[in-house]
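Residues per chain, in single letters:
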Amino acid sequence: MNTQTKKFTVRNTEKGASRLQPVTIELPASWISPLIRGTSDDGQTFVAQRIASQSTGDASVYIGVFTVRDGQSVQFEDTPVDADSVDGPVITEVPDTRERDAICRLNTGYFDLELCRGTGKGEGASKWGIRHFSSLAQNFDLLASGNNAIGGFYGPFFTPDNGLINPPEHVVADVTAVEVGPIVRRYRLSGRIPDGLLPELKGKSFAIDFTFYAGADCFDRVYHVDHFQTQVNGRSVTDRITVGDEFEGGQNALAFDRFDSFNRTPYRSGDPYAELLKQEVKRTISSDEPGNERFGYFQKLLNRDLENAHWDLYWRLFSYWEHALDEDSLNEHLGHVRSVAHVVADKEDRVWQFPEAPVNVSQVDDQTIFAGPAQYSAEFNTETGQCMIWLTSSPSSAFQIVQRPQSGWVNWGTNGENECPSLPVGSTVRSIYGPYADSWRDEALGHIPGAVRLEAC
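Residues numbered from 1 in each chain as written. Predicted model: local features only at pLDDT ≥ 70, side-chain atom pairs only at ≥ 80, totals over all residues. Heavy atoms only, no water.

## A word on the sheet that holds strand β12 (residues 174-180)
Operational definition: In short, DSSP must find at least two bridges between two strands for them to pair. What counts as a helix is a DSSP run of H or I of at least four residues, what counts as a strand is a run of E of at least two, and both are numbered from the N terminus. Here the axes come from fitting lines to C-alpha atoms, over the contacting stretch only for helices, and the angles between their N-to-C directions go from 0 to 180 degrees.
What the eight strands build is an open sheet, ordered β12-β13-β14-β15-β28-β24-β23-β20; its pairing is antiparallel. Two strands close off the open sheet at either side, each with one partner strand: β12 and β20 (258-261). For this sheet, the mean inter-axis angle between neighbouring strands, taken without regard to orientation, is 20°.

Rendered as structure tokens:
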């Protein structure tokens, strides 16, 4: 029997870019081998994995990881490849997990990461998503404590406005291993969002697909949330969410100390909303609220050192889920914060800045900026050169960036002021990590999902 082969020409819309990256290939539906081999005219040999969840009766979908070049020829052979004989990087599971709720710890051949389902206990260490993350070359865990995470989504459901915090702390995610192979791993984290105060946000569910690739310096995720429409910061919000990635460098150290966007979008510095929320916490814990055991717990906890408390900690006092305050009291306190915050956010005392260089966020008011719309953005470390790059399939209309040396906490969030969510639901987020501080724009252009396509010869 003759072996079937299919030959393609690579078309890369970013012609100058040549990067190792995952490439999707459509082959005949009769090709059903889990792994097949590909070769390119520039001497690359690689293995492609069949993606069962995307394959149909009309076509088999494969993903291979190779260095793409516009105009190169790539040929695939319909001959099964044994998983144990794959040359090059493969994804393996590491048995020594660090968190008790870990789904898996993966060595992708480029990353060492741990994916967690969460514990639902409402604490920093309860979050689902990626809770440990490093490149094998650098071996520096960007989430060493396990109290922060990459991959959570927040607004509009999980904000004080709705009387909740965020799903990584209040939800134990259901986990489905969608694709498990040596080249591609895909996990779906899903769950029902707890009901808060706003009736239009009740009864909703979410699902997030994380996809990891052997040897690649990037990973992907897609966010799915049931249709919703509400108001945040006095503005209509329809099917837009806040995605939040957190990093930690240790006290008085920053994993990333600069923020940049592809076209240098304008920004405003300072976060008056956070201070107003903090003031309301102080007012609440010193008031004569109807006493209950949970409220007393937060009074003691927050009276110790509110100025340096974790953001999520003092937010929890206004969580419907915590039952420290009854619903009427929650609405009263949160309504006061909203009414003042809306005014402060629109004042002209915090002018828009037009950066000509990457922003040193730790040197501005509240170590926080709110940047304008962008599709490609990055945070990097000026000493090590390490850089995290985000590509979103749809532009986010705003960002909140925090780089706080006193705690070492860094945040990348797709929200505007007063927690207004800005990333369209259904967006794919590609994250790229490596020593790219000086070249991150080139790296971004070389990794755009969908920019590479294969034309049959």
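From this point on, the discussion continues.
## Thoughts on the packing of aromatic side chains
So the rule is basically this: Side-chain rings of Phe, Tyr and Trp (the six-membered ring for Trp) are treated as a pair once their centres are within 6.5 Å; stacked means planes under 30 degrees apart, edge-to-face means over 60, and tilted covers the remaining angles. Buried residues are those whose accessible area, probed at 1.4 Å on protein chains only, stays under 20% of the maximum for their type, while exposed residues exceed 50% and partly exposed ones sit between those limits.
Counted by the stated rule, this structure contains 24 aromatic pairs. An angle of 40° between the planes, with centres 4.8 Å apart, marks the rings of phenylalanine 111 and phenylalanine 133 as tilted. One end of the pair, phenylalanine 111, is in strand β9 (residues 111-116); the other, phenylalanine 133, is in strand β10 (residues 129-135), and 22 residues separate them in sequence. By the burial criterion, phenylalanine 111 is buried, and phenylalanine 133 matches it. Taking the centre distance of 6.1 Å and the plane angle of 90° together, the rings of phenylalanine 262 and tryptophan 440 count as edge-to-face. Highlighted residues: phenylalanine 262 in the loop between β20 and β21 (267-269) and tryptophan 440 in helix α6 (residues 440-445), separated in sequence by 178 residues. Ring pairing ties together the aromatic residues Tyr110, Phe111, Phe133, Phe210, Phe212, Phe219, Phe247, Phe256, Trp390, Phe399, Trp412 and Tyr433, which thus form one cluster.

## So, the pairing of strand β26 (residues 409-413)
The element β26 is extensively covered by neighbouring structure, given that five of its five residues are classed as buried. The alternating pattern of β26 places Trp409, Asn411 and Gly413 and Val410 and Trp412 on opposite faces, both of which are buried. Sheet topology places strand β19 (residues 243-248) next to β26; five bridges connect them, and they run antiparallel. The residue bridging phenylalanine 247 from the neighbouring strand is valine 410, located in β26. The antiparallel pairing of strand β25 (residues 399-404) with β26 creates a hairpin that spans four residues between the two strands, and glycine 408 there sits at a positive phi of about 80°.

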